[in-house]
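# Structural overview for review
Here's the letter readout for the chains.
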Amino acid sequence: MPGTLYLVATPIGNLDDMPPRVAATFGAADFIAAEDTRVTLRLLNHLGLKKPMVSYYEHALHHGEAILQRIEAGENCALCSDAGMPCISDPGEQIVKEAHARGIKVVPVPAASACVTALAASGQPTARFVFEGFLPVPKRERRERLDFLQNETRTMIFYEAPHKLRGTLDDLTAAFGADRSVSLCRELTKLHEEIKKTTLGEAVAFYRENDPRGEYVLVLAGADPTQLAEEAAPTLEEAVAAARALQTGGMPPSAAAKQAAAGTPFSKGQIYKELIK
């Protein structure tokens, strides 16, 4: 019988957040597939465990086949990232995808996830959100991604490393405006944890004078739906022009004004009055 692939979430900073089931799964696994074996070794030492480990990180993704073959041969594997839930902005997702294709049982062993932890404490709207992870590094791809998000009304969550934070804040400000609300959450659950709700413009100014430290989760407010609707609505001149085009096509002025008013903030009377001038 094939074994099981366990997706084991690890603490995002504070080892006291280790759930008992996570520790038990590590103890019962035949081997561990880790993002970075050095990081996971420290975790196992904390638990007093010794387990064979392999790395599944991007430069070693060819090990994915060997991992899956071991599971198919009957071994149980605990797959974990350096912190949080594995396979989220993480190359382990490819192994999970292939495991499903091969009929291997996949069992999640959940714990904290940095994106949800930051969202809950951010002070930003939480009912609807979209996880973006790390923005693309190439400038063109990054610009295209931010352009795609221009009209996003849900709260947006980004990850960023300290040495790239200033550039990312500049790009977000250029895309969404200096007044857009943002929460910068760094070193979550660790000694120097900080959650700062501010605006993009104020964040840029702050980090111009202060060095970013620690891993960041940026929780960015979405666009205001009312403002988007107002910006998308036609002007009175555009509505009148549409009515004139309908009138040119043979429609009576009153009917043309009524049809042109549909879906606009203007009444039939306003458009009709301008139409017959």
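Just above sits the structure.
Every chain is numbered on its own, with residues counted from 1 as its sequence reads. A pLDDT threshold of at least 70 governs which residues receive local features in this predicted model, and a stricter bar of 80 or more applies before side-chain atom pairs are shown or counted, although totals over entire chains, interfaces and linings include all residues. The basis for every side-chain value is the complete set of non-hydrogen atoms in the structure, without hydrogens or water.

## Observations concerning helix α1 (residues 20-28)
For the exposure calls, accessible area comes from a 1.4 Å probe over protein chains only, and a residue counts as buried if that area is under 20% of its type's maximum, exposed if over 50%, partly exposed in between. In DSSP terms, a helix is any run of H or I states spanning at least four residues, a strand is any run of E spanning at least two, and both are numbered starting from the N terminus. Along α1, the residues that are buried comprise Val22, Thr25 and Phe26. Considered in projection along α1, the buried side chains sweep an arc of 100° and stay on one side of the axis. The outward face of α1, more than 90 degrees from its buried face, is lined by the exposed residues Pro20 and Ala28. Contacts made by the buried residues of α1 are with β1 (4-8), β2 (31-34), α2 (37-47), β4 (77-80) and β5 (105-109). Note: the arc covers the axis-to-C-beta directions of the helix. Contact criterion: two residues are considered in contact whenever any of their non-hydrogen atoms come within 4.5 Å of each other.

## Remarks on the side chain of Thr155
Here Thr155 shows up in strand β7 (residues 155-160). In protein, a polar contact requires one atom able to donate a hydrogen and another able to accept it; more generally it is a pair of N or O atoms within 3.5 Å, and residues adjacent in sequence count only if both atoms are side-chain atoms. There is a polar contact of 2.6 Å between the side chain of Thr155 and the backbone oxygen of Pro125. Once residues within four sequence positions are removed from consideration, Thr155 is found in contact with Leu119, Gln124, Pro125, Arg128, Phe129, Val130, Val219, Leu220 and Gly222.

## Description of the nonpolar core
Throughout this description, the term nonpolar core refers to a set of buried Ala, Val, Leu, Ile, Met, Phe, Trp, Tyr and Cys residues connected via side-chain atoms within 4.5 Å. One finds Phe158, Leu169, Leu172, Phe176, Leu184, Leu218 and Leu220 to be the most contacted residues of the largest nonpolar core, which totals 20 residues. Those elements giving two or more residues to this core turn out to be β7, α7 (165-176), β8 (181-186), α8 (200-209) and β10 (216-220). When residues of this core are assigned to their parent elements, the largest contribution, 5 residues, is made by α7. Excluding residues within four positions of it along the chain, Leu184 makes contact with Leu165, Leu169, Glu194, Ile195, Lys196, Thr198, Ala203, Tyr207, Tyr216, Val217 and Leu218. Formed by 17 residues, the second largest nonpolar core is a distinct cluster that contains Leu7, Phe31, Tyr56 and Val96.

## Concerning the packing of aromatic side chains
Where two aromatic rings form a pair, the distance of their centres and the angle of their planes describe that pair. In this analysis, rings of Phe, Tyr and Trp, with Trp reduced to its six-membered ring, are considered paired at centre separations within 6.5 Å, and the interplanar angle assigns stacked below 30 degrees, edge-to-face beyond 60, and tilted for intermediate values. Counting across every chain of the model gives 4 aromatic pairs. Ring geometry for Phe131 and Tyr159: centres 5.1 Å apart, planes at 70°, overall edge-to-face. Of this pair, Phe131 sits in strand β6 (residues 129-133) while Tyr159 is found in strand β7, placing the two residues 28 residues apart along the sequence. Since its relative accessible area comes to 28%, Phe131 is described here as partly exposed. Owing to a relative accessible area of 14%, Tyr159 belongs among the buried residues under this scheme.

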